[in-house]
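Residue-level structural notes
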Amino acid sequence: KRLPPIAPPLREPPARSARRAGVCGEMGEEVQTIDENDAEPREVDDDDEPTQPRKRRNRWGQEPEAPHIAHDALVLAPMGGFGMDPDMLALGGALAMPQMSGGLYAGGGGNMDLSAAASAAREALEKAKRAAMFQRQIQEQMAKLKNQGLAAGFLPGEGPKARKLILDEFGRELDEEGNVVPMKPQVVSTLKVNINREKEARLKKILGVKKDEGGTETSFVDTTLRTNQKAERARRKTFRFVESGALVAKEQRMVKKLQEKALGVDKKEDEKKKGKKEEKKEDKKEEEEKPDIGIRKIEPKILRREPIPDVEWWDMPFLKEDMNGQKRAYTEVNVEKITPYVEHPIPIKITTEKEVAEAAMMHLTPKERKKLRRLKRQERTQEIRDKIKMGILQPPPPKVKMSNLMRVLGDEAIADPSTVERKVRSQVEQRRKEHEQRNEARKLPAEERKAKKKQKWLAEGEPTTQVLAFKIKDLSNKRHLFKIDMNAQQFHLTGCCIACPGVANIVIVEGGPRAIKRYRKLMIRRIKWTEDQKDDDDDDDEDEEVTAPKLQDHCVLIWEGVVKTKNFKNWKVTHARSEQEARKTLADRGGEHYWEMLARFRDHRLDI
C-alpha cells in the first residue's frame, strides 16, 4: 500500500514567535529564546553551561512536527515493501529511524530517544510482514487458477467459455447431441425456519441419527424455566356405562386366546406378522433402488378425422336426385326450394343458466314519485329540443292565449283584433281537445279497469284472510238486506248471510284487509238500523217519562280474526226456517263453529 504524503510543518508568524518563549528540559534548564527579527539572540546563563536551543510545542498541544521527507522516498517505499525481504526492510527502517528521531526527538546536547526509534522499527517490520503475506497469497491464487485452466484443456491466456443454450419446441433444454437434459425440480425454501430444518436433516443423515417417531412429553419441557408448579386437580369421578354384551365378548376373546395359546396357534400368527414386516421392508428397498425416469418427450395426439363428404347435410335439401336416386355434388340445384325468405332457427334455451330473479317492486314516497316524474318529463322535453336543433322536427307554433295576445302578436293584433281573437280562441279550443284525447288514450279499457279494481279488493297476495261475524237483531227490512248483499258483491267478499226469523240472524264475510275495513264501517256506522222505528219511538216518548238511552244492539260484531284459508267460495244470502237448517248450511261449508259463537255470545255492555 502506498503511504500518504506527509504535510509540511506549520510555521507561525514571526511576530507571534517573537512574543512566545518556551522553557523545557529534563533538568529544568532555561532555553534560549530566539526572535527572528533580532540580529543577536539573548542567552540566559545557568551555572555558565551553554544549552542547545530546543523547539517548543505548537499551539494545539501536538507533538513537534516531523521533518520533511522527500517525495521520491515515499513513492519507492511501498515498492520495496512488496519486493524486498522483510529482514532487509526491518534493518533499513532501524537504520533510518535514528536519523529521523534525531530531528524529531532531539534533546539537550543532541541525544536520541531510543525507545521511540525501537517502536517505529517494530511497526515498520509488522507492516512489511503483512504486505509480504498478501503478496504471497495473491501469487498462490493466480497459480491455482492457471493450473485449473490448463487441466481443463485451455491454452494460457484463455478461459472457459459458456455452453450454448439449446431449447426444443416444448422449451426443454437439449445438449449438443440433441438429447433432452433431465432436470430435477429443486424446491428452494426461503423461510429461515425451513432452511435450518433442512440443514438439521442433512446433518442427521450424515451422522446416521434416526428421526424420533414422536417427541416424548419431557422433550418439550424446558427445565431452566421457573414456574409455579401447582398440584394437579384430581379428576371428578363420572359414570362409566358398559354396553350390553361387552363383558361377555371380552370373556370370549380371553378364552379363545387361551385355547389358541394351548394349541400353539399364536406362534404361527407371530411368524406371519414377522414375514409381513420383512416383505414391507423389501418393498421399500426396491422402491428406493428404482432409477429415476427422465422427462419423456410429449408427442402430439393425432385425432382421426372422418373423410370429407361429397355433399354436406345442410346442402342436401337443395339438390336434385340423379338417375340412381342419390344426391351428389355434380347434380343440379333444385331452384324451387330457393326462396327470397330467410329462415331463422329457433333459439335453444340454455337450461344450465339460472334465471335472474325479478327485483321486488320498490315503493316510493309521494315526494320521490313527484321527483321521478319531473325528471322523466325533463328528459322528454330535452330530447324534443335536441331534435328541433338538429332539424329533425319543426319548432312548434307560439302558444298564444288571451292573456299574452298583445305581447306575442303585437302589430298584427292591433291591425285586426277581431280576427286575431277568433283565431286565438280556436287554437285554445284545439289544444284542450288534444289534451282530452291524450287522456282518453292513456285510460285503460273497461275490462282491464274492472279487473284492476277487482284485484285491489281481492288482495290475493296476502298470506292470510280476515273474517268478520255479525249478529243482526232484525232483517225484516228489505232495504237493509239489499245493502248487505250488494256491498258484499261489490267488495268481492266471500261468505253468507243466514236469516232465520224468530231464532237469530248472522252475517259472515271473508276477504282482504281493505274490503273488510269498508264493510265493517258499512255495518257498524252507515246503515241506519232504526229508521223504520222512528215514528213509533216518537209516540212512545210522549207517553213515557225521561229514562236512560236504550242499548243499540241491532248489529253487533261477535268475532273478528284471521284465518289461513277461506271456508266459503262465494257470497250467498240464505233464508232458514229452523236452527237445524241454518247449522246444516254452515256445516256444509266448514263454518259450523260460527253458529256456536253466535249461541254463546253475550254482549259485555249488558254487564255495565
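Report on the accompanying structure.

Calculation notes
Residues numbered from 1 in each chain as written. Predicted model: local features only at pLDDT ≥ 70, side-chain atom pairs only at ≥ 80, totals over all residues. Heavy atoms only, no water. Core = buried A, V, L, I, M, F, W, Y, C linked by side-chain atoms within 4.5 Å. Buried < 20%, exposed > 50% of the residue type's maximum accessible area, 1.4 Å probe, protein only. Helix = DSSP H or I, 4+ residues; strand = E, 2+ residues; numbered from the N terminus. Contact = heavy atoms within 4.5 Å. Pairing = 2+ DSSP bridges. Axes fitted to C-alpha atoms, helices over the stretch in contact; angles between N-to-C directions. Expected span 1.5 Å × (residues − 1). Arc of directions from axis to C-beta. Polar contact = N/O pair within 3.5 Å; in protein donor to acceptor, adjacent residues only side chain to side chain.

1. Some words on the nonpolar core
Counting 23 residues, the largest nonpolar core has Ile-472, Ile-484, Val-507, Val-509, Tyr-519, Met-523 and Trp-571 as the members making the most contacts within it. Per element, the largest residue contribution to this core is 5 residues, and it comes from helix H14 (residues 513-526). Setting aside residues up to four positions removed in sequence, Ile-472 forms contacts with Ile-484, Asn-505, Val-507, Met-523, Trp-529, His-554 and Cys-555. One finds Ile-508, Val-563, Ala-576 and Trp-595 within the second-largest nonpolar core, a separate group that totals 17 residues.

2. Looking at the sheet that holds strand S6 (residues 555-563)
Adjacent strands of a sheet form backbone hydrogen bonds with each other and so pair up, either parallel or antiparallel. Strand order across the open sheet formed by 5 strands is S6-S3-S5-S4-S7, with mixed pairing between neighbours. Of all the strands in the sheet, just S6 and strand S7 (571-575) have a single pairing partner and so form its edges. Here the strands of the sheet are splayed against their neighbours by 10° on average, with no regard to which way each runs. Bridge analysis of strand S4 (residues 494-500) against S7 gives 5 bridges, and the strand direction is parallel. Paired with Cys-496 across the two strands is Lys-572, which belongs to S7. Against the sheet, helix H13 (residues 478-490) engages strand S3 (465-472), S4, strand S5 (504-511) and S7, with an angle of about 155° to S7.

3. Section: the environment of Gly-502
Its place among the elements puts Gly-502 in the loop between S4 and S5. Separated by 75 residues in the primary sequence, Gly-502 and Arg-577 have C-alpha atoms spaced 9.0 Å apart.

4. Description of H13
Here H13 contains 13 residues, and its C-alpha end-to-end distance of 18 Å stays within 8% of the 18 Å for a straight helix at 1.5 Å per residue. Considered for burial, the residues of H13 that qualify are His-480, Leu-481, Ile-484, Asn-487 and Ala-488. Each buried residue of H13 lies within a common arc of 145° when the element is viewed along its axis, so the set occupies one face. Those residues of H13 that are exposed and aimed more than 90 degrees away from the buried face are Lys-478, Arg-479 and Phe-482. Where the residues of H13 are buried, they touch S3, S4, S5, H14 and S7. Sitting at the head of H13, Asn-477 places a side-chain oxygen 3.0 Å from the backbone nitrogen of Arg-479.

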